[in-house]
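If you want the building blocks of each chain, they are given just below.
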Amino acid sequence: MPRVIPNYSLYGDQAQPSWQSTFDFEWIPARSKRYNWEIQPHTHDAFVQILLLRQGAVEVQVDHARINERAPCLILIPAQTVHGFHFAPDTDGPVVTAAQRPLESLAQVVMPDLVESIRKPLVMSLAQQDEAMDALMPIFLAIERESRRSSIGQVAAALSLITALLVQIARLRQVDAETPVLRDSRKHGQIQKFRALVDARFKQHLPLQDYASELGITPGQLTRLCREVLGTSSLAVLHARLVHEAQRELVYTDVSIKRLASDLGFVDEAYFGRFFRKHTGLTPREFRSRARA
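In this text the structure is predicted, and so the values were computed from the model without any measurement.

A. Broad picture of the pattern of salt bridges. Evaluated as defined, the whole model comprises 13 salt bridges. With its nearest N and O atoms 3.7 Å apart, the salt bridge here joins aspartate 199 to arginine 119. With aspartate 199 in helix H6 (residues 186–201) and arginine 119 in helix H3 (residues 114–119), this residue pair connects regions lying 80 residues apart in the sequence. On the basis of relative accessibility, which here comes to 24%, the residue aspartate 199 falls in the partly exposed class.

Rendered as structure tokens:
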């Protein structure tokens, strides 16, 4: 039996689509302590997660790599990356979880080079970067304040602050280009390239052979790679990307189902409806109605 890697919004909570929740803030002990400081390998389908250890220690698993670090250190886990943590019991620090696609869209406008930084895992010691904590902690604390509010512009303010946080992280990457991160296992690099190809071409409904050829491997090797690294098949990655885009459009736009089907590359509305219902259990109209309610 192939292994199944759990997919969560936040560890221990059932995964929710990214249109339902944009960002979350918490402190490491709030969730980790109840799991005896052990967070088993899992993924976040649509969320990037950023942790800053200000005290304690951690063993981080990212895909197949295991890295041990002590505070102060910074960790960034992109969406769909298999990861787990084993924290020392005294570990503390902030954790921000945010929908990755809106952040990438914002980055494309204000700093296109930032997109690559968002998509690349990071485990970085800050012990030799004296000013790093001073630059990062105020932004984390500002994000925490926004998370406690329920007022106009909360999401806009939070995404802006998280973008500022990602800019600081990109600067730290530049300073410490030799940080011992996943630099890059060949498998992780192939998965990242596959995801980028899917993002660019998912509406074309290309056969897996086309994606595999771009990677220089066979379709069978691509599926084995996805199962090993992501815990799912390559076809499931393609379908998940289509479903995610359809859900987002159904919730946030008034485009007709017929037009949406065409925009997503389906031959007709009926075929799109069958595909969507197979993967969500609802017709597109039922999904739009429930999500908006």
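Structure's up, so let's keep going.
B. View of the packing of aromatic side chains. On inspection of all chains with the given rule, the structure shows 8 aromatic pairs. With a centroid separation of 5.3 Å and 20 degrees between ring planes, the pair formed by phenylalanine 85 and phenylalanine 87 is classed as stacked. You can call phenylalanine 87 buried: its relative accessible area is 3%. Arranged with centres 5.5 Å apart and planes meeting at 75 degrees, the rings of phenylalanine 266 and tyrosine 271 form a pair that is edge-to-face. Of the residues examined, phenylalanine 266 reaches a relative accessible area of 6% and is grouped as buried.

C. Structural context of the sheet that holds strand E4 (residues 57–62). Ordered in space as E2-E7-E4-E5, the 4 strands form an open sheet in which the pairing is antiparallel. What marks the edges here is a single partner per strand, and that holds for strand E2 (38–42) and strand E5 (65–70). On average, each strand axis in the sheet is inclined to that of its neighbour by 15 degrees, with strand direction left out of account. Where E4 meets strand E7 (residues 83–87), 5 bridges bridge the pair, whose relative direction is antiparallel. Bridged to valine 60 within E7 is phenylalanine 85.

D. Structural detail: the packing of H6 against helix H9 (residues 234–252). Interhelical geometry of H6 versus H9 gives an angle of 40 degrees and a closest axis separation of 10 Å. It follows that H6 is oblique to H9 by the angle criterion. Judged by the twist between their axes, the crossing of H6 over H9 is right-handed. Within the contact between the two elements, H6 uses Phe194, Val198 and Asp199 and H9 uses Ser234, Val237, Leu238 and Arg241. Of the residues belonging to the contact of H6 with H9, the class tally is 4 nonpolar, 1 polar and 2 charged.

How each quantity is defined
Residues numbered from 1 in each chain as written. Predicted model: local features only at pLDDT ≥ 70, side-chain atom pairs only at ≥ 80, totals over all residues. Heavy atoms only, no water. Salt bridge = Lys/Arg side-chain N within 4 Å of Asp/Glu carboxyl O. Helix = DSSP H or I, 4+ residues; strand = E, 2+ residues; numbered from the N terminus. Buried < 20%, exposed > 50% of the residue type's maximum accessible area, 1.4 Å probe, protein only. Phe/Tyr/Trp six-rings, centres within 6.5 Å; stacked < 30°, edge-to-face > 60°. Pairing = 2+ DSSP bridges. Axes fitted to C-alpha atoms, helices over the stretch in contact; angles between N-to-C directions. Parallel < 35°, antiparallel > 145°, perpendicular 65-115°, else oblique. Left-handed = near helix turned anticlockwise from the far one by under 90°. Contact = heavy atoms within 4.5 Å. Nonpolar A, V, L, I, M, F, W, Y, C, P; charged D, E, K, R; others polar.

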